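So you can see what is in the structure, the chains are spelled out below.
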Amino acid sequence: MHNSLSRALRCAVTLTLAAASAVALAEPARAMNYSAPAPTTWTFTDSAAPTTRSVEPTGDAPVGSTVDSDGVTHTRRAYYTFDITPFRGQVVHAADLWTRETRVADCGTAAPVEVWRTGPVTAKSTWSKPPQDLELVARRNLGLGTICPRAILGAEAGAAVTAALARNEKTITFGLRLAAGTETDPEAARSFEPLNLSMSTNYAPTVSNLRLTRPDRPCGTPDRHPTAGGLTYFTASAADKDPVYLPTTAFELWPVDRPEERTRFAQRDGADPVVSTDLRTHADGTVLAWSAQARDNHDEGEWGPTCYLTVDNTAPATAPAIIPRKYNKPEYPGTGGPGVAGTFILDARGDTDTVGFEYTEQQSPSFGSVDANRPGGRARITVTPSRWGSDQLQVRAVDRAGNRGPWQTYDFYVRDTAPSIEVDVAGVGRPSTIKLFSQVGRVTSFGYSIDGGPETRVPATDRHGSGPVVFASSGYREITSRSYVGTKMIGTDTKQIYVDDAPAVASAEFLFPAEPVVGDRGTFTFKPRTTGVVAYLYDFGDGDRKRVEAAADGTATLEWTAGNPGYHFMTAVSVTADGTESAAWFDQFRVIDTHPAVWSDAGSCCPNTDGVGRPVTVNMNSELAGVTGFVYSYDGGAEQTVSEGQNSRVKVTPTHAGDSPFTARAVRADGTLSPPTTITIKITDAPLVTHAGPYGADGVVGRKSVLTFEPATPNVASYQYYWGYYPESPVTVDAGADGSATVEWTPEYADHATLSVVALAADGGESDVRRINISAYDQGAEYSGTWDDSTPRGGVGVPGRVGFSGLRAGLHDATVKYLWRVNDGPVHELARDKEALVTEAPYTPERTGENVVSVQRQFTDGLLSPVLEYRFLVGTRPLVQSPDYPAGDWQGGPGVPGTFLFSGGRPGIVAFEYRIAEESSGDQVAQGTAPADPSGAAAVTFTPADAIRYTLTVTGRTAEDAPTEEQTYSFGVATS
């Protein structure tokens, strides 16, 4: 396809998509802006009418020369003006001009068409005074050798539009003409549809308000700027006039005297991104410059202003003093009270490096900060405890750079002065009662309010008080209570309750703790918990809703007789005269059956082991009061007694296959009997099947096992057996004189299989199918441990564990011991752990990379399994230990030094690099290099400042500077 045609078709597609997106404005699919502005005006000029104006003509645009019937030659050119003011401030990615031929004089004539940028079309534009030619935008060859007619003319004018916008021009005009030398040839003349302009533009995002945060500090200037240190947070406000995507903001930082070290340290999406970097890599006093730039999916915006800071990584050395005004007692009974504000003075003790304080109260999840009245001065804060008991205030000093000193802790005890709240909720619209009680003997009154409403005051008598309240609607309510001594509030508390209008239902005979029995009679009493109740609707979980009318006081009584045993789920609602139903009350109760429950294990799965001559267990249960046991009979036999209480169990032995009745009655202490329960015990006539392997009921691959079939009925002549549930390839074996048979088999592979066996009588009759599950296990041993063959773990000298078990956990009890070795090392014997499925032993790797562990096991008969090999990968992580701060534990305390021991990882370690950071914030608090002794071990001492968790990261290095993998070690510092 010709390049110009290809370009024009692409432009046409672009225009179509832009038009579609203009209709579906809600589609947030692209950040690029697609538009197709129509010409604001157009004209064509005619050489045969050099002074005639033809602005905004109708129809297509004629280009080239034609000869009319009078023999007059008309040479024409077309001009189109477009408004480009909507694209100001945008980046132009494409400005595609395109049109299509509508009439061609001769497709066999070459017609080079030119697109010019010209001056604007005006009302005075004529052939004699045409728009001024400014630059040739494109030339395209149409006619001979191209699609003709209806060819598409396309041109890219992005550079021209971008330049016009840069010149702050409001419009841009393009002219169409035939090239000189062809323009006067009537065979090359043609007409075009109106010229189209398809625009692809994008607003580049902007950044503003660059600043430091946590705490907030300004951008700064070279002469006046903030200080910062440690983990420092940077932010800026990013904006994009295209609303589809939030921009991504990049942040860069560099020493002002070394701009070549400019480094991008972070980038993040969002309108107000916050990023951080650790300034401890720069020396105190270093002046750093930084800036930010926003970008979207298409363009980068301008860099924001350059900001400045001076590095200060040194935290205030002096812990602040905490001076209480009210809460000055550390032990019971304490001072103040819940809801009582107390003032604390925070004093920097003259350390002028301190300009503010951060603080937190144990009872509150909030974290506060306050400025000092001057460097090294004081600040005042107010703390309001929410509950009585032990409390704690922690404070630390903050300098101008945001560096934080060690926490200073102050313990105090909050007195129990808040009144307790109890509410007797009577429902909606009915009088409820609020009861208040205080531990303070001198309390004179109480106050309470509902959902922040006005307070109601009631007197206190002997530390108690009460008051009425009427709840107007259902829902959760928050009650705030206060204790007063005179006019002074000494404590407050809040309690949330739920109010609804569901009726109250009571029954001494049926609801808990009653234990009703079938046939018991009693009543249910309904009481209203709203006003205007005329009736109640109730059901017992069967969907059969019934109505009981209420008396004048709104109560009602229902008489009821327990008919069916089991659980009953009762619901009830009250009904007013207009038919309004309340919320539902519901409860459940259980009615005890007078008949005992009886069940047996005959026919239970899987597998079914019952049969003639095999005892069947029968369970009997009765919840009647005073049951001492049961009388029972089986298969028409004599009645027998068992005296094991309400839950009794007996065994009966079937003498024939088929159905046999079992009847039981509960016996009470007074000798009376319950009604009987009879069940049918069905005994299969399937043969009895047992399996014996070399070490018990399981088979062993490659070892002989024996199957024994025994008859459940007389006259068994043979047995038919097959593996699985369907007799695709059954095997028949004759029965011996006693009706039994044995079969030997040797498992070929480990499996869990089902064996089906049928007994065949001499007369051709078949028994039921007996199915048993047989497991066959491999003789080999399986490895599991610290290391595997997928990911390198640990390192040389870093201890771990190897573990061994039977393949698929089989033949566990038949195993006596495991014999194992790693690589070419010695063979170790490991007695089986009788208390665990996996028997483990400690092991410390001696080389990195791939290792091979070989293992076999010895069985109880002295035979050994085949040797199996397993591969595992050892990494290069060093071992980190600490007797003072064990990994994962909370030990020691702030200011308590701890020793950390490094070793292993790989051979030839000469030093260990380490760094310690606060686990929650990531702030690095220590780093260094510890030389290793000749054994490859090293030790460092670290004294934590705060009672928090820390992460220690260690990397070993050899003399050749080859690093190990990083090892991380997490530990907690306990509160001292």
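Residues numbered from 1 in each chain as written. Predicted model: local features only at pLDDT ≥ 70, side-chain atom pairs only at ≥ 80, totals over all residues. Heavy atoms only, no water.

For the protein chain, an unreviewed UniProt entry supplies the name PKD domain-containing protein and the organism Paractinoplanes aksuensis.

1. Side note on the overall build of the protein chain
Along its length, the protein chain carries two helices and 70 strands. Taken over C-alpha atoms, the radius of gyration comes to 47 Å for the protein chain, far larger than the 30 Å a tight globule of 976 residues would show. Counting only C-alpha atoms and orienting by the principal axes, one finds that the protein chain spans roughly 135 × 100 × 95 Å. Evaluated residue by residue, the protein chain yields a buried proportion of 46% over its 976 residues. In the protein chain, the proportion of contacts linking residues at least 24 apart, taken out of those at least 6 apart, comes to 66%. As displayed, the protein chain offers around 47200 Å² of accessible surface, 49% of which is attributable to carbon and sulfur atoms. (Helix = DSSP H or I, 4+ residues; strand = E, 2+ residues; numbered from the N terminus. Rg over C-alpha atoms; globule rule 2.2 N^0.38 Å. Buried < 20%, exposed > 50% of the residue type's maximum accessible area, 1.4 Å probe, protein only. Contact = heavy atoms within 4.5 Å. Areas by Shrake-Rupley, 256 points an atom, 1.4 Å probe, with all protein chains shown as cover.)

2. Remarks on the packing of aromatic side chains
Inspection of the entire model under this criterion finds 50 aromatic pairs. For the pair Tyr-332 and Tyr-413, a centre-to-centre distance of 5.8 Å together with 85° between the ring planes defines the contact as edge-to-face. Of the two residues, Tyr-332 is situated in the loop between strand S20 (321-324) and strand S21 (342-347) and Tyr-413 in strand S26 (residues 408-414); the sequence distance between them amounts to 81 residues. Taking the relative accessible area as the measure of exposure, Tyr-332 reaches 61% and is therefore exposed. Three or more aromatic residues link up through ring pairs in this structure, and these residues are Phe-510, Phe-524, Phe-526, Tyr-536, Tyr-538, Phe-540, Trp-560 and Phe-589. Directly above the ring of Tyr-233 sits Arg-214, whose terminal nitrogen or CZ lies 4.6 Å from the centroid. The ring of Tyr-567 has Arg-590 sitting right over it, with the charged end atom 5.7 Å from the ring centre. (Phe/Tyr/Trp six-rings, centres within 6.5 Å; stacked < 30°, edge-to-face > 60°. Lys NZ or Arg CZ within 6 Å of the ring centre and 35° of its normal.)

3. Points about the sheet that holds strand S29 (residues 445-450)
The antiparallel open sheet is built from four strands, whose spatial order is S30-S29-S32-S33. The open sheet has two free edges, formed respectively by strand S30 (456-459) and strand S33 (488-499), since each of these has just one partner strand. For this sheet, the mean angle separating the axes of adjacent strands, direction not counted, is 25°. Across eleven bridges, the pairing between strand S32 (residues 475-485) and S33 is antiparallel. By the bridge assignment for S33, Val-485 is matched with Lys-488. (Pairing = 2+ DSSP bridges. Axes fitted to C-alpha atoms, helices over the stretch in contact; angles between N-to-C directions.)

4. Structural notes on the state of the cysteines
In protein chemistry, a disulfide is the covalent bond that joins the sulfur atoms of two cysteines. For the structure shown, the criterion picks out two disulfides. Paired by a disulfide, Cys-107 and Cys-148 hold their sulfur atoms 2.0 Å apart. Because the torsion about its S-S bond is -80°, the bridge between Cys-107 and Cys-148 counts as left-handed. Here the residue Cys-107 occupies a position in the loop between strand S5 (90-104) and strand S6 (110-118), and Cys-148 occupies one in the loop between strand S7 (133-143) and strand S8 (152-156), the gap between them amounting to 41 residues. We classify Cys-107 as partly exposed; its relative accessible area is 30%. Among the residues examined, Cys-148 registers a relative accessible area of 22% and is labelled partly exposed. (Disulfide = S-S within 2.5 Å.)

5. A look at helix H2 (residues 158-166)
Three or more residues of H2 are buried, namely Gly-158, Ala-160, Val-161, Ala-164 and Leu-165. Buried residues of H2 fall within an arc of 165° about the axis and therefore sit on the same side. Across from the buried face of H2, at angles greater than 90 degrees, the exposed residues are Ala-159 and Ala-166. At its buried positions, H2 is contacted by S5, S6, S7, S8, strand S9 (171-178) and strand S11 (196-203). (Arc of directions from axis to C-beta.)

6. Observations concerning the side chain of Thr-576
By the secondary structure assignment, Thr-576 is in strand S39 (residues 566-576). The class of Thr-576 is buried, set by a relative accessible area of 18%. Among all residues touching Thr-576, those that are not within four sequence positions of it are Thr-531, Gly-532, Val-533 and Val-534.

7. Brief notes about the pattern of salt bridges
Inspection of every chain in the model, using the stated rule, returns 38 salt bridges. Between Arg-77 and Glu-183 there is a salt bridge whose closest N-O contact spans 2.6 Å. With Arg-77 in strand S4 (residues 73-83) and Glu-183 in the loop between S9 and strand S10 (190-192), this pair connects stretches of sequence that are 106 residues apart. No difference in accessibility class separates Arg-77 from Glu-183, as the two residues are buried. The partner of Arg-264 in a salt bridge is Glu-252, with the nearest N and O atoms 3.2 Å apart. Highlighted residues: Arg-264 in strand S16 (residues 263-269) and Glu-252 in strand S15 (residues 248-255), separated in sequence by twelve residues. The class of Glu-252 is buried, set by a relative accessible area of 12%. Members of the salt-bridge network, linked through shared partners, are Glu-252, Arg-262 and Arg-264. (Salt bridge = Lys/Arg side-chain N within 4 Å of Asp/Glu carboxyl O.)

8. Topic: the confidence of the model for the protein chain
Confidence in the prediction of the protein chain, expressed as mean pLDDT, is 92, and 96% of residues score 70 or more. Below a pLDDT of 50 lies the segment residues 1-30, which in the model reaches 34 contacts outside its immediate sequence neighbourhood of four places, other chains included. (pLDDT = per-residue confidence, 0-100.)

9. So, the nonpolar core
Core analysis: the largest hydrophobic core is formed by 34 residues, its most contacted members being Tyr-80, Phe-82, Leu-97, Val-161, Ile-172 and Phe-174. Excluding anything up to four places from it in sequence, Phe-174 contacts Ala-78, Tyr-79, Tyr-80, Phe-82, Leu-97, Val-115, Trp-116, Arg-117, Val-137, Ala-157, Ala-160 and Leu-195. By size, the runner-up hydrophobic cluster in this structure holds 22 residues, among which are Ile-592, Val-650, Phe-662 and Ile-681. (Core = buried A, V, L, I, M, F, W, Y, C linked by side-chain atoms within 4.5 Å.)

10. A word on the side chain of Thr-201
Here Thr-201 is to be found in strand S11. Of the residues examined, Thr-201 reaches a relative accessible area of 1% and is grouped as buried. At 2.7 Å, the side chain of Thr-201 forms a polar contact with the side chain of Gln-90. For Thr-201, the contacting residues outside a window of four places in its chain are Met-32, Asn-33, Phe-87, Gln-90, Val-91, Val-92 and His-93. (Polar contact = N/O pair within 3.5 Å; in protein donor to acceptor, adjacent residues only side chain to side chain.)

11. Overview of the sheet that holds strand S28 (residues 431-437)
Here three strands make up an open sheet; going across it, the order is S27-S28-S31 and the pairing antiparallel. Each edge of the open sheet is held by one strand with a lone partner, namely strand S27 (420-424) and strand S31 (464-470). Each strand axis lies, on average, 20° off the axis of its neighbour in the sheet, ignoring direction. Pairing analysis gives seven bridges linking S28 to S31, with the strands arranged antiparallel. Considered in S31, the bridge of Phe-437 is made with His-464.

12. A closer look at the environment of Val-973
Looking at where Val-973 falls in the secondary structure, it is placed in strand S70 (residues 967-973). Here the alpha-carbon distance between Val-973 and Tyr-885, two residues 88 residues apart in the chain, equals 7.5 Å. The residues touching Val-973, leaving out its near neighbours within four places in the chain, are Tyr-885, Trp-890, Gln-891, Gly-893, Pro-894, Pro-944, Asp-946, Ala-947, Ile-948 and Tyr-950.

13. A few points about unusual backbone geometry
The residue after Cys-148, namely Pro-149, is reached through a cis peptide bond having omega -5°. Of note, the amide linkage connecting Phe-512 to Pro-513 takes the cis form, showing an omega dihedral of 10°. Residue placement: Pro-513 occurs in the loop between strand S34 (504-506) and strand S35 (521-527).

14. Let's talk about the environment of Arg-117
With respect to the helices, strands and loops of the structure, Arg-117 is situated in strand S6. Looking at Arg-117, the relative accessible area reads 11%, which means it is buried. Separated by 104 residues in sequence, Arg-117 and Thr-221 have C-alpha atoms that sit 46 Å apart. Discounting residues that sit within four places of it in the chain, Arg-117 has contacts with Gln-132, Asp-133, Leu-134, Glu-135, Val-137, Ala-160, Arg-167, Ile-172, Thr-173 and Phe-174.

15. Comments concerning the pairing of strand S57 (residues 800-806)
Most of S57 sits inside the fold, with six of its seven residues counted as buried. Relative to S57, strand S56 (residues 781-785) runs antiparallel, the two sharing five bridges. Its bridge partner being in S57, Ser-784 is matched across the sheet by Gly-803.

16. Quick look at the environment of Val-518
Relative to the helices and strands, Val-518 resides in the loop between S34 and S35. A residue is classified by how much of its surface remains accessible, and Val-518, at 25% relative accessible area, is partly exposed. Put simply, Val-518 and Pro-565 are 47 residues apart on the chain and 6.1 Å apart in space, counted from C-alpha to C-alpha. The residues touching Val-518, leaving out its near neighbours within four places in the chain, are Ala-562, Gly-563, Asn-564, Pro-565, Val-591, Ile-592, Asp-593 and Thr-594.

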